[in-house]
Number of protein chains: 2
Amino acid sequence: MAGKDIEKLVKLVAKLPALGTRSARRIVLQLLKKRESLFLPLIETMTEVAEKVKTCEICGNYDTESPCSVCSSETRDGTLLCVVQDVADLWAMERVSMFKGKYHVLGGVLSALDGVAPEDLNIENLLKRLHREEIKEIILALPATIDGQITTNYLIQRLKDFDVKISTLAQGIPMGAELDYMDEGTIQLALNSRKTL
Amino acid sequence: MAGKDIEKLVKLVAKLPALGTRSARRIVLQLLKKRESLFLPLIETMTEVAEKVKTCEICGNYDTESPCSVCSSETRDGTLLCVVQDVADLWAMERVSMFKGKYHVLGGVLSALDGVAPEDLNIENLLKRLHREEIKEIILALPATIDGQITTNYLIQRLKDFDVKISTLAQGIPMGAELDYMDEGTIQLALNSRKTL
């Protein structure tokens, strides 16, 4: 079939999230077709990112410098810390561009099923930051899953001796959603946490 | 949000077929996470493919050599030529590993809508091959779409002065399909071309 090198590339591309062999083949063909406009610029940018981007030693974000631009920012509120599961969640928070505090990336959530224990997460560094930095409030913005909630509860326990306010994101019906399409758990939760107007 | 280089990479990845910004972000994060096991090998393989792989001057296939391994093969039947739309279709044919002839990649099909004219396709080279090579049968394996059929008819016209047998792939109900899920056109076609047992 296709040359060995092409086959090897298809296999590597198929390892990327949400891609299978079929879409990997389409992508590789597209790259070969658009050599000048896509393939070569992509290789160049990937090489640059691989060379330059590192993990921020303070919060765990990815950036070209460490500490990252968020951690080293003078204008952001260092007393407010948002704990997220992953850099993807940090990016999602930044896209809203409403949060002006700093971050801490846990690198996952506790999971009995996947064998993720507290020592696998970036928790010790979080405690060290609480000793070192003047943090007044911690927002636990972990996923609204069972594992996320277990992790939130675990962190509340670990943080209870520190003099910080702890909060989590509000849960309820997302914007634009119709009740008919929501799961029972969300409706129950929204009902229990209903707001008096 | 994320560094400029990362943003640039996300934008490039989002240009790949079937990917949007969201999946591009996930892919870039995965690359950064699996730096040694995925990111660096991928860059290396892409660089290798970009350097080595070229378009076969005879059939239009991609390979590390030109003429490609199919065209230069001694064991394949040079009297049988399969005309396909794209390298992807050539690969699909090769995966079946039943066809032992050679190929000719058109590089598309005629399309009034997309403004693809005969001179945009690799047709002149096909005619030259018919003069030069000893081709006895041409299988027109173009897509079963209207544009594909128009292209097939056009090629039949262009090939009628040559002493070659022309055939197309059989059309009908695909293997494993249930009638209930087939479109009317396919059922009609399968009915009209029914086989007496």
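Residues numbered from 1 in each chain as written. Chains lettered and ligands numbered in written order. Predicted model: local features only at pLDDT ≥ 70, side-chain atom pairs only at ≥ 80, totals over all residues. Heavy atoms only, no water.

Colleague: Residues and numbers for the relation of the copies chain A and chain B, please.
Modeller: Superposition record for chain A on chain B: RMSD 0.1 Å, screw rotation 180°, translation along axis 0.0 Å. Given the turn and translation reported, the copies of this chain are related as if by a two-fold rotation axis. It is A:Ile43 whose C-alpha, among those of chain A, lies nearest the rotation axis, at 3.2 Å. (Least-squares fit on C-alpha atoms with pLDDT ≥ 70 in both.)

Colleague: Break down the pairing of strand E4 (residues 101-105) of chain B for me, citing the residues and quoting the values.
Modeller: Residues and elements named next belong to chain B. Counting buried residues along E4, five of its five residues qualify, which places the element largely inside the surrounding structure. Both strand E3 (residues 77-84) and E4 contribute to a ladder of five bridges, which runs parallel. Paired with Cys82 across the strands is Tyr103, a residue of E4. In this fold, the crossover linking E3 to E4 by way of helix H4 (residues 87-96) has right-handed handedness. (Buried < 20%, exposed > 50% of the residue type's maximum accessible area, 1.4 Å probe, protein only. Helix = DSSP H or I, 4+ residues; strand = E, 2+ residues; numbered from the N terminus. Pairing = 2+ DSSP bridges. Right-handed = clockwise from strand over helix to strand, strands pointing away.)

Colleague: Describe in detail the interface of chain A and chain B, supporting the description with residues and values.
Modeller: With 46 residues of chain A at the contact, the number on the chain B side is 46 residues. Buried area between chain A and chain B, both sides added, is near 4900 Å², and the carbon and sulfur share of it is 73%. Taken together, the connections running from chain A to chain B amount to four salt bridges. At the surface where chain A touches chain B, the tally comes to five residue pairs in polar contact (both at pLDDT 80 or more). With 14 residues, helix H3 (residues 35-52) of chain A is the single largest residue contributor to the side of chain A that touches chain B. (Contact = heavy atoms within 4.5 Å. Buried area = accessible area lost by both parts, 1.4 Å probe. Salt bridge = Lys/Arg side-chain N within 4 Å of Asp/Glu carboxyl O. Polar contact = N/O pair within 3.5 Å; in protein donor to acceptor, adjacent residues only side chain to side chain.)

Colleague: Let's hear about unusual backbone geometry: which residues, and what values?
Modeller: Leaving glycine aside, a negative phi is the common case for residues, and trans is the common case for peptide bonds. Cis geometry is found at the peptide bond from A:Ser66 to A:Pro67, where omega equals 0°. For A:Pro67, the position within the fold is in the loop between strand E2 (62-63) and strand E3 (77-84). Its identity as a non-glycine residue notwithstanding, A:Ser97 has a phi of 45°, on the positive side. Positive phi is not limited to glycine here, since B:Ala18 has a value of about 70°. Following the sequence through the fold, B:Ala18 ends up in the loop between helix H1 (4-13) and helix H2 (21-33). When its relative accessible area of 65% is taken as the criterion, B:Ala18 is described as exposed.

Colleague: Give a description of the domain arrangement of chain A that names residues and reports values.
Modeller: Domain boundaries in chain A define domain 1 (4-50) and domain 2 (77-196). The distance between the C-alpha centroids of domain 1 of chain A and domain 2 of chain A comes to 35 Å. (Domains from an automatic or database assignment.)

Colleague: Any chance you could break down the sheet that holds strand E5 (residues 137-140) of chain B for me, citing the residues and the numbers?
Modeller: Residues and elements named next belong to chain B. Pairing in this open sheet of four strands is parallel, and the strands run E4-E3-E5-E6 from one edge to the other. The open sheet terminates on both sides in strands that have one partner only, identified here as E4 and strand E6 (165-168). Going from strand to strand, the sheet's axes swing by 25° on average, the running direction of each strand aside. Against the sheet, H4 engages E3 and E4, with an angle of about 160° to E4. Relative to E5, helix H6 (residues 146-159) is tilted by about 165°, and along the sheet it contacts E3, E5 and E6. (Axes fitted to C-alpha atoms, helices over the stretch in contact; angles between N-to-C directions.)

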